Amino acid sequence: MNLLELSQTIRKIRLAQGMTVEQLAKKSGFSKGFISQVENFRQAPSLKALIRIAEALGLPVSTLFSESAENGPQYTFGRIDEGEELHRDDGERHGIRYLALAYRQIGRKMDPFLIEYTPGDVRDFLFHDTEEFFLLLEGRLNYYLYDDSGLHEMKAGDTLYLKANIPHRVRLPDGCTFAKGLVVYTDPALPGS
């Protein structure tokens with residue numbers, strides 16, 4: 001593998017994990033400019049730098065040199081308390097924290113997230129071009145489908161399977177200050193998604 005392929009592999013893996021250049025820079029201890037230069041083949045990183053970048057991506061450095069790096073490993077182990085925090089859908093303002101659980105698995109067909117809810121601004125309805133499965137692990141949630149009249153009260157242990165493009169939103173009910181759920185999104189490129 002040449003240095004150009006290596007730089008492209010780093011970018012593909014970062015993007016496949018849903019990680020920004022800034023997040024990779026912060027996790028690896030490098031500047032955003034350095035990571036950008038490496039990915040754009042303007043800077044040849046040392047082996048020590050590659051090791052730090054690979055660790056920040058949650059992979060052994062050998063994966064960066066593997067011809068199959070784009071497809072990723074056949075399996076990856078992880079822990080629920082080691083999710084990679086992603087900033088999406090203005091979640092902080094709405095009291096929602098997203099933790100990607102399978103970000104190390106390159107080429108995955110589903111995206112599992114641990115989602116933590118705390119009091120925040122009421123968010124607008126949103127919808128995705130993916131199907132999703134939701135399991136409420138802790139607390140209670142008011143889950144709205146289509147509009148405010150589509151309220152479903154959920155408690156720990158309740159599940160929801162949602163087809164693509166259904167408007168929805170959640171909020172903590174009165175008296176509840178924390179809830180935690182597991183959501184799995186499908187790959188929109190899959191048939192039937």
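A quick note: this is a predicted structure, and the numbers were derived from the prediction, not measured. (Residues numbered from 1 in each chain as written. Predicted model: local features only at pLDDT ≥ 70, side-chain atom pairs only at ≥ 80, totals over all residues. Heavy atoms only, no water.)

Remarks on the nonpolar core
One recurring pattern in soluble globular proteins: nonpolar side chains tend to sit buried together.
Right, on to step 1. Counting residues in hydrophobic clusters, the biggest one holds 23 residues, and the most contacted among them are Phe113, Ile115, Tyr117, Phe134, Leu141 and Tyr143.
Right, on to step 2. At the level of secondary structure, the elements contributing two or more residues to this core comprise β2 (96-100), β3 (110-117), β4 (132-138), β5 (140-145), β7 (159-162) and β9 (179-186).
Right, on to step 3. Setting aside its immediate chain neighbours within four residues, Phe134 contacts Tyr117, Leu141, Tyr143, Met154, Asp158, Thr159, Leu160, Gly181, Leu182 and Val183.
Right, on to step 4. Core analysis: the second largest hydrophobic core is formed by 20 residues, Leu6, Val21, Ile35 and Ala49 among them. (Core = buried A, V, L, I, M, F, W, Y, C linked by side-chain atoms within 4.5 Å. Buried < 20%, exposed > 50% of the residue type's maximum accessible area, 1.4 Å probe, protein only. Helix = DSSP H or I, 4+ residues; strand = E, 2+ residues; numbered from the N terminus. Contact = heavy atoms within 4.5 Å.)

Structural notes on the sheet that holds strand β6 (residues 151-155)
Right, on to step 1. Across the sheet, which stays open at both edges, the three strands sit in the order β6-β5-β8 with antiparallel pairing between neighbours. Either end of the sheet is taken by a strand with one partner, and the two such strands are β6 and β8 (168-171). Between one strand axis and the next, the sheet turns by 25 degrees as a mean value, whatever way the strands run.
Right, on to step 2. The pairing of β5 with β8 spans four bridges and is classified as antiparallel. The residue bridging Asn142 from the neighbouring strand is Arg171, located in β8. (Pairing = 2+ DSSP bridges. Axes fitted to C-alpha atoms, helices over the stretch in contact; angles between N-to-C directions.)

With respect to helix α2 (residues 21-28)
Right, on to step 1. Taken as a whole, α2 has its buried residues at Val21, Gln23, Leu24, Ala25 and Ser28.
Right, on to step 2. A positive backbone phi angle near 90 degrees is found at Gly29, which sits one or two residues after α2.

Here we look at the pairing of β9
Right, on to step 1. Burial of β9 is extensive: six of the eight residues sit out of reach of the surface.
Right, on to step 2. By the bridge criterion, eight bridges tie β3 to β9 in an arrangement that is antiparallel. Note that in β9 the partner of Asp111 across the bridge is Tyr185.
Right, on to step 3. Alignment of β4 against β9, held across six bridges, turns out to be antiparallel. Along β9, the bridge assignment pairs Glu132 with Tyr185.

Some details on the side chain of Glu132
Right, on to step 1. In this structure, Glu132 sits in strand β4.
Right, on to step 2. The class of Glu132 is buried, set by a relative accessible area of 4%.
Right, on to step 3. Here His128 takes part through its side chain, which lies 3.3 Å from a polar atom of the side chain of Glu132.
Right, on to step 4. Apart from residues lying up to four places away in sequence, Glu132 is in contact with Tyr143, Leu160, Tyr161, Leu162, His168, Val183, Val184 and Tyr185. (Polar contact = N/O pair within 3.5 Å; in protein donor to acceptor, adjacent residues only side chain to side chain.)

Digging into helix α1 (residues 3-16)
Right, on to step 1. For α1, which comprises 14 residues, the first-to-last C-alpha distance of 20 Å matches the rise-based estimate of 20 Å (1.5 Å per residue) to within 8%.
Right, on to step 2. Along α1, the residues that are buried comprise Leu6, Ser7, Thr9, Ile10, Ile13 and Arg14. Buried residues along α1 cover an arc of 160 degrees about the axis, so they all sit on one side.
Right, on to step 3. In the core, the buried residues of α1 are packed alongside α2, α3 (32-39), α4 (47-56) and α5 (61-65).
Right, on to step 4. Following α1 by one or two positions, Gly18 has its phi on the positive side, about 70 degrees. (Expected span 1.5 Å × (residues − 1). Arc of directions from axis to C-beta.)

This is a description of form; function is not addressed.
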